Structures are given as structure tokens and as C-alpha cells.
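Coordinates in review
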Amino acid sequence: MKRNLFLMSFGIGAMMLAANNSSAQTRSCAPHEAVVERLAVRYGESRQSIGLGADNSVIEVFASMDTGTWTITMTQPGGPTCLVAAGQAFQQLSEPLPDDDQGT
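Residues numbered from 1 in each chain as written. Predicted model: local features only at pLDDT ≥ 70, side-chain atom pairs only at ≥ 80, totals over all residues. Heavy atoms only, no water.

Some details on helix α2 (residues 32-43)
One turn of an α-helix holds 3.6 residues; hence residues three or four places apart share an orientation. Going by this rule: Segments assigned H or I by DSSP are reported as helices when at least four residues long, segments assigned E as strands when at least two residues long, and all are numbered from the N terminus. Here the expected span of a helix is defined as 1.5 Å times the quantity of residues minus one.
With twelve residues, α2 extends 16 Å from end C-alpha to end C-alpha; this agrees with the ideal 16 Å at 1.5 Å per step. Gly44 occupies a position one or two residues after α2 and carries a positive phi of about 70°.

Things to note about the state of the cysteines
Here is the rule we go by: In plain terms, two cysteine sulfur atoms within 2.5 Å form what is called a disulfide here. For the exposure calls, accessible area comes from a 1.4 Å probe over protein chains only, and a residue counts as buried if that area is under 20% of its type's maximum, exposed if over 50%, partly exposed in between.
Applying the stated rule across the entire model yields one disulfide. Bridging Cys29 to Cys82, the disulfide has an S-S length of 2.0 Å. A torsion of 105° about the S-S bond marks the disulfide between Cys29 and Cys82 as right-handed. In this pair, Cys29 sits in strand β1 (residues 29-30) while Cys82 sits in strand β5 (residues 81-87), placing the two residues 53 residues apart along the sequence. Cys29 sits in the partly exposed class, given a relative accessible area of 39%.

So, the environment of Gln76
Basically, it comes down to this: Whether two residues are in contact is decided by their heavy atoms, any of which lying within 4.5 Å being enough.
As for its placement among the helices and strands, Gln76 is situated in the loop between β4 (70-75) and β5. With a relative accessible area of 32%, Gln76 lands in the partly exposed category. Sequence separation between Gln76 and Ser57 is 19 residues; the distance between their C-alpha atoms is 4.5 Å. Not counting chain neighbours up to four residues away, the residues in contact with Gln76 comprise Asp55 and Ser57.

What about the pairing of β4?
Worth spelling out the cut-off: Two strands are counted as paired when DSSP detects at least two bridges linking them.
Counting buried positions along β4 gives five out of six residues, so the element sits mostly inside the fold. Sheet topology places strand β3 (residues 58-63) next to β4; six bridges connect them, and they run antiparallel. When the bridges of β4 are listed, Val58 appears paired with Thr75. Counted between consecutive antiparallel strands, the loop separating β3 from β4 contains six residues, among which Gly68 sits at a positive phi close to 85°. In the sheet, β4 pairs with β5 via six bridges, with the strands oriented antiparallel. Bridging from a neighbouring strand, Thr73 pairs with Leu83 of β5. The loop that links β4 with its antiparallel partner β5 comprises five residues; one of these, Gly78, has a positive phi angle of about 75°.

Next comes the structure, spelled out in C-alpha cells:
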């Protein structure tokens, strides 16, 4: 349950990032299979999470536990897969929700 909540919150952040970058003129896009293969072969990344955006786009987070690299992709319905963001120092977290029980 906690992991699902974390992944959903991470997905919401990714969707917000994707929405901000969706108007960018230059994006790296290719067929989904080609993007997944390139991330695996070149960077050792595999899919860590997936979510559905408000506009029915599929948001995926790929990462390598060995190198710490990560990539966020967005696939529009019927469209190619585009790179949204990438970086380093990926960490997989499972943080508990804050305890809001005030003893009432």
C-alpha cells in the first residue's frame, strides 16, 4: 500500500513535469520498442513505474540500480514514445506516510 502511494505520488510529479515539457519544440521520440531497447542496452535501465496521465498519456520511469541513471518517458495514445527528462542518482524509496493521528 505504501509503495503504491509512493509510486502514485512520483507519477503525479512526472505527469506535471511532462505537462510542462509537452509544449517543447524539440523532443527525442521514437517507437516505444526502440526507446525501451535503447534504454536497456545503452544505459542498463528497466521500467520501475508506470502511470496514466490526465490526457491518457502513459508515463513511465526507467532506471538502473547499478549506475543510478533514470529516464522519464511519455507516450501519447497512438503516438511515439518521447523522452521527457533524464538524470542521475536514482534511488528507490518506500517512505511511510506522516502520522497525522493527534491522539483524538
